[in-house]
Amino acid sequence: MRRHYLDNIRWMAVVLVLVYHVAYLFNHVGILGGVAPLPGGEWVDVFGMLPYPWFMALLFLVAGMSTRYALEKRSCRQFLAERARKLLVPSTLGLFVLHWVTGYWNVRLGGGAEYIPGFLRYPVYALSGIGPLWFVQMLFLFSLLGLLVKQVDRDEKCYRLCGKCRLPVLVLLVVPVWGAAQVGNLPVFTMYRFGIYGMCYLLGYLVFSHDEVIERLEKAKLPLLGAGLVLGAVFGFRYYGEDYTAPGCLQGLLANLYLWAMVLAILGCAKAWLDFTTPVFTYCAGASFGWYVLHYPVVLCVACLLAEWGKLPTAAVYLAVLVLELGITAGLYEAVKRMPVVRFAVLGRKGQRGSSKK
């Protein structure tokens, strides 16, 4: 049985990531790594602030669910080989094939290019071009964690027990999520939040991979959605104009209540309203990983070039960057998946597959 609502959550969340990065690159709240703030564009920061606490947590939780389903059909050896190819290859070889472009702009924006000897620039650009591939790297590590859980819980007593969680327990899981947000956070590279993302992955594997658990969320979708929207409004009012990626924000109780309410609401609403597919949805589901891997060099190039050369009004710059990012990323994906060597290095694919498969 194909769980179409998970496919739809995944590709829609990836599109949200693409939208987020447009706001991030021109942010006005001091988040490092952006291009430059645009005059009069402070309001666009809302599109970065509101999804930031929960959209990657949601993707890790869905990945945990998908790991459970994959291990029902594959041996541990098959699963590990598949994950290594799909996740490790793009985040290592792919740096030298494509993501050196991200590194080039990162170094240039940081003003350090002139201090790097010419013969070292390419490897430095490649190794500093990880960008959003941090998600892919962490996902591989958590895949190993999923294999460990499978080996430890061989008789599945823990797994079956987790499937009995009722709605009050599901809501109260915000407590371990909040606790996990306090640990495993790297300094400087603040996107590496091993504690909370690892917790979301484990909860996806052990708890939310049960269809009956998702059905309980489906029945409570409207109250959960209402709670998520109210908490989002409170979160936005509290942190508007501040660095929403700072530990003081992300480790706070408000951010984690908002995060968990949105994750539960999205799972319940998607099961109720998005558990179907169409040719367009099927294509998007198959392409979403490629879009995620490819989009950041595209949006960074477009944003930097428009900021340097363009004299467009602020609203036009945002719109142009978003439209060009979406269009070029989609076209680049179609081109890359037809190039055998590049396809393997950048997307981790052995051979060309239909766009509906991952």
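Residues numbered from 1 in each chain as written. Predicted model: local features only at pLDDT ≥ 70, side-chain atom pairs only at ≥ 80, totals over all residues. Heavy atoms only, no water.

Participant: Explain helix α1 (residues 4–25) to me, please; I cannot follow it from the model alone.
Facilitator: Every α-helix winds through 3.6 residues per turn, so residues three or four apart in the chain are directed the same way. Here α1 spans 32 Å end to end across 22 residues, near enough to the 32 Å set by a 1.5 Å rise per residue. Among the 22 residues that make up α1, 17 are buried, leaving the element largely enclosed by the rest of the structure. (Helix = DSSP H or I, 4+ residues; strand = E, 2+ residues; numbered from the N terminus. Expected span 1.5 Å × (residues − 1). Buried < 20%, exposed > 50% of the residue type's maximum accessible area, 1.4 Å probe, protein only.)

Participant: I'm lost on the environment of Leu-16 in this one. Help?
Facilitator: Turning to its location among the elements, Leu-16 is positioned in helix α1. In this structure Leu-16 comes out as partly exposed when scored by relative accessible area, which is 24%. For the pair Leu-16 and Leu-88, spaced 72 residues apart in sequence, the C-alpha to C-alpha distance is 24 Å. Excluding its chain neighbours within four sequence positions, the residues that come into contact with Leu-16 are Pro-51, Trp-54 and Phe-55. (Contact = heavy atoms within 4.5 Å.)

Participant: Explain the side chain of His-99 here, please?
Facilitator: With respect to the helices and strands, His-99 occurs in helix α5 (residues 93–110). Note on His-99: relative accessible area 2%, which makes it buried. Ignoring any residue separated from it by four or fewer positions in sequence, one finds His-99 in contact with Pro-90, Gly-94, Tyr-125, Gly-129, Leu-133, Val-293 and Pro-297.

Participant: Before we go on, may I ask you to explain the nonpolar core in this structure?
Facilitator: A general tendency of soluble globular proteins is for nonpolar side chains to be buried together. By size, the foremost hydrophobic cluster in this structure holds 114 residues, and its most contacted members are Val-207, Phe-208 and Trp-260. With 17 residues, helix α16 (residues 279–309) is the largest single contributor of residues to this core. Look past the residues within four positions of Val-207 in its chain and what remains in contact with it is Cys-162, Cys-165, Leu-170, Leu-173, Leu-202 and Val-213. (Core = buried A, V, L, I, M, F, W, Y, C linked by side-chain atoms within 4.5 Å.)

Participant: Where do I start with the environment of Cys-162 in this structure?
Facilitator: Along the chain, Cys-162 falls in helix α8 (residues 157–162). Using a relative accessible area of 15% as the deciding quantity, one classes Cys-162 as buried. As a C-alpha pair, Cys-162 and Leu-206 span 44 residues in sequence and 6.1 Å in three-dimensional space. If we ignore the near neighbours within four places in the chain, the residues touching Cys-162 are Leu-206, Val-207, His-210 and Val-213.

Participant: Can you help me understand the side chain of Asn-8 in this one?
Facilitator: Within the element layout of this structure, Asn-8 appears in helix α1. Using a relative accessible area of 2% as the deciding quantity, one classes Asn-8 as buried.

Participant: So what exactly am I meant to see when it comes to a nonpolar patch on the surface here?
Facilitator: A cluster of nonpolar side chains, contributed by Leu-80, Leu-141, Leu-144, Leu-186, Val-188, Phe-189 and Phe-194, occupies part of the molecular surface with about 620 Å² of accessible area. Counting through the fold element by element, Phe-189 comes out in the loop between α10 (174–180) and α11 (194–206). (Patch = residues over 30% accessible without salt bridge, like charges linked within 9 Å, V, L, I, M, F, W, Y side chains within 5 Å. Areas by Shrake-Rupley, 256 points an atom, 1.4 Å probe, with all protein chains shown as cover. Salt bridge = Lys/Arg side-chain N within 4 Å of Asp/Glu carboxyl O.)

Participant: It is not clear to me how the pattern of salt bridges should be interpreted in this structure. Could you clarify?
Facilitator: Charged atoms that come close allow side chains of opposite charge to pair. Under the counting rule described, the total for this entry stands at 13 salt bridges. Its salt-bridge partner being Arg-10, residue Asp-7 comes within 3.2 Å of it at the nearest N-O pair. Of this pair, Asp-7 and Arg-10 both sit in helix α1, 3 residues apart, roughly one helical turn. Both residues of the pair, Asp-7 and Arg-10, belong to the buried class.

Participant: Would you mind showing me how to read unusual backbone geometry here?
Facilitator: Generally, phi is negative for residues other than glycine and the peptide bonds are trans, each holding for most cases. If you check the backbone angles, Glu-156 has positive phi at about 60° while not being a glycine. Mapped onto the elements, Glu-156 comes out in the loop between α7 (134–152) and α8.

Participant: Mind showing me how you'd approach the confidence of the model for the protein chain here?
Facilitator: Per-residue pLDDT for the protein chain averages 94, and the proportion of residues at 70 or more is 98%. Overall, residues 353–358 carries pLDDT values under 50, and its contacts beyond four positions in sequence, including any with other chains, amount to 18 contacts. (pLDDT = per-residue confidence, 0-100.)

Participant: So what exactly am I meant to see when it comes to the packing of helix α13 (residues 221–239) against helix α15 (residues 253–273) here?
Facilitator: The description of two packed helices rests on the angle between their axes and on the distance between the axes. With their axes 8 Å apart at the nearest point, α13 and α15 run at an angle of 145° to one another. The way α13 lies across α15 gives a crossing that is left-handed. When its residues are assigned to classes, the contact of α13 with α15 shows 20 nonpolar, 3 polar and 2 charged. (Axes fitted to C-alpha atoms, helices over the stretch in contact; angles between N-to-C directions. Left-handed = near helix turned anticlockwise from the far one by under 90°. Nonpolar A, V, L, I, M, F, W, Y, C, P; charged D, E, K, R; others polar.)

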